[in-house]
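Residue-level listing of the chains:
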Amino acid sequence: MVQKLLTYMEKHHLDAFYISKPENVRYISQYTGEDSYLLITKEKKFFITDPRYTEQASYECPDYEIVNWREFGRSMGETIANLLSTIDCKNLAFEAEVVTYNKYRDLEDKIKIEMVPQVDVIETFRSVKSKDEIEKLRISADIASRAFEKIIKDIRVGVTEKELASKLSHYMVMEGADTKPYGGILISGARTSLLHGIPSSKAVEYGDLVLMDYGCQYKGYLSDMTRTVVVGKATPKQREVYALEKQMVEDCESVMKAGATGAEAYEASTRAIKGTEYFDYHYTGIGHGIGMFVHEIPFMGPASKAVFEPGNIITVEPGIYIPGWGGIRIEDEVLITENGCENLISATKELIEL
Ligand SMILES: [Mn+2]
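The present account deals with the structure reproduced in this document. (Residues numbered from 1 in each chain as written. Predicted model: local features only at pLDDT ≥ 70, side-chain atom pairs only at ≥ 80, totals over all residues. Heavy atoms only, no water.)

## Considerations on empty space enclosed by the protein
- In the structure shown here, the tally under the stated rule is two cavities of 30 Å³ or more.
- Of the pockets and cavities examined, the largest cavity occupies roughly 60 Å³.
- By residue class, the composition of the lining of the largest cavity is six nonpolar, one polar and four charged.
- Of the voids in this model, the second largest cavity is the one considered here, and its volume is about 40 Å³.
- In the lining of the second largest cavity, the residues fall into three nonpolar, no polar and two charged. (1 Å grid on protein atoms, 1.4 Å probe; cavity = no way out; pocket = protein on both sides within 12 Å on 5 of 7 lines; lining within 4 Å. Points joined across faces, edges and corners; volume = space filled by probe spheres on them. Nonpolar A, V, L, I, M, F, W, Y, C, P; charged D, E, K, R; others polar.)

As structure tokens, then:
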């Protein structure tokens, strides 16, 4: 992965690149721990961390010079200045959206060479998944789908959203997920219109919609899926909105392929809802790339200029949210191919009445 970055640096006349976003550190170096930074130059690759992680880094990143930053300076800026002092370096690239104002001031103050802000460089590399990454993302999605088969057996009148959310996490770890959790949405009844509602102590009631938007991490790679079920027999309105929502997801996936854009995918997703009384209740952010981070490029929506490439993995999640009534969301995750896309979420999209 580091080769891609070195090629980019050469092309853009960058002598050194400081990386501090955890997902980018992991992508470039394969390091799985925390609180670590990379300093990449043509001649040398430094892995900067503290004594909690030096041993782990020496196993996971054998090609890097492992640096305990406290031995090289009183601040990160001083450490980097000292490391760069042995190298012919005229500028330092850094992630503009990650380095805080204080860190920037420190770096600028100590290194005294040109600072070159960069946006979405490594994120763009990360948006096209390698074979190995696709395999991990596939397994991550499978774990989430298998957990869905289990959790629907637990959904009944009286059980709380929190209890269900905690069981869902447990099932995913037992199915092979990393233990590192990430916040899931499991909400019921009228609360399902809260796009990112947090599981509460509310008990499930007869007639409730139960919306589950969740996923797991597998070897650092995330999954993200949503299914909405009905407890008891669905009302005519629940059926109508569910069918519309399912159609929106299917229409969207039908146009997703290499060369299509995020805006085209959005347009397709609104075909079924345009002209209906529900149009005002749809949300326009209908999907995002997923990998080591849950929301990453490419994003899909009316203004999206993203052009899909083979190897993109993107969630498809239009939704209909009616305040006071509830919301229905179905979310798949698709792998973009030359001629179409493949859905990695095997859980059914048919309406489930429990
Ligand atoms: Mn999502």
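The structure having been displayed, the exposition proceeds.
## Remarks on the coordination of the manganese ion
- Here the manganese ion is held by Asp224 (OD), His288 (NE2), Glu317 (OE) and Glu331 (OE), and the distances to it run 2.0 to 2.3 Å.
- One chain supplies every donor for the manganese ion, spaced along it as D-x63-H-x28-E-x13-E. In this pair, Glu317 sits in the loop between strand E14 (313-316) and strand E15 (319-322) while Glu331 sits in the loop between strand E16 (326-329) and strand E17 (332-336), placing the two residues 14 residues apart along the sequence. Here the two residues Glu317 and Glu331 agree in accessibility, since each one is buried. (Donors = N, O, S within 2.8 Å, 3.2 Å for Na, K, Ca; no water. Helix = DSSP H or I, 4+ residues; strand = E, 2+ residues; numbered from the N terminus. Buried < 20%, exposed > 50% of the residue type's maximum accessible area, 1.4 Å probe, protein only.)

## A word on unusual backbone geometry
- Omega for the peptide link from Ile297 to Pro298 comes to 5°, which places this bond in the cis form.
- Note on placement: Pro298 falls in strand E13 (residues 296-300).
- In this structure, Asp120 is a non-glycine residue whose phi angle is positive, near 60°.
- Residue placement: Asp120 occurs in the loop between strand E6 (114-118) and helix H6 (121-127).
- Residue class for Asp120 comes out partly exposed when judged on its relative accessible area of 28%.

## Structural notes on helix H7 (residues 131-151)
- Here H7 spans 30 Å end to end across 21 residues, near enough to the 30 Å set by a 1.5 Å rise per residue.
- Buried residues of H7: Glu133, Ile134, Lys136, Leu137, Ser140, Ala141, Ile143, Ala144, Ser145, Ala147, Phe148 and Ile151, and no others. (Expected span 1.5 Å × (residues − 1).)

## Quick notes on the environment of Pro318
- Structurally, Pro318 is set in the loop between E14 and E15.
- For the pair formed by Pro318 and Met300, sequence separation is 18 residues and the distance between their alpha carbons is 9.9 Å.
- Setting aside residues no more than four positions away along its own chain, Pro318 makes contact with Glu245, Met248, Val249, Ile286, Arg329 and Ile330. (Contact = heavy atoms within 4.5 Å.)

## Here we look at the pairing of E15
- In E15, alternate side chains face the same way, and those of Gly319 and Tyr321 on one face and Ile320 and Ile322 on the other are all buried.
- Relative to E16, E15 runs antiparallel, the two being bridged by four bridges. Looking at E16, one finds that Ile322 is bridged to Gly326.
- What sits between E15 and E16 in their antiparallel hairpin is a turn of three residues, with Gly324 showing a positive phi close to 85°. (Pairing = 2+ DSSP bridges.)

## Things to note about the pairing of E13
- Here three bridges tie strand E12 (residues 287-289) to E13, and the two strands are oriented antiparallel to one another. In the strand pairing of E13, Gly289 is matched with Glu296.

## Focus on the pattern of salt bridges
- For the structure shown, the criterion picks out 25 salt bridges.
- One salt bridge connects Arg74 with Glu78, and the closest N-O pair in it is separated by 3.2 Å.
- By relative accessible area, which is 72% here, Arg74 ends up exposed.
- Here Arg329 and Asp213 are joined by a salt bridge, their closest N and O atoms 2.8 Å apart. Of the two residues, Arg329 sits in strand E16 while Asp213 sits in strand E8 (residues 209-214), which places them 116 residues apart along the sequence.
- In the salt-bridge network here, residues are joined through shared partners; they are Arg227, Glu253, Asp332 and Lys349. (Salt bridge = Lys/Arg side-chain N within 4 Å of Asp/Glu carboxyl O.)

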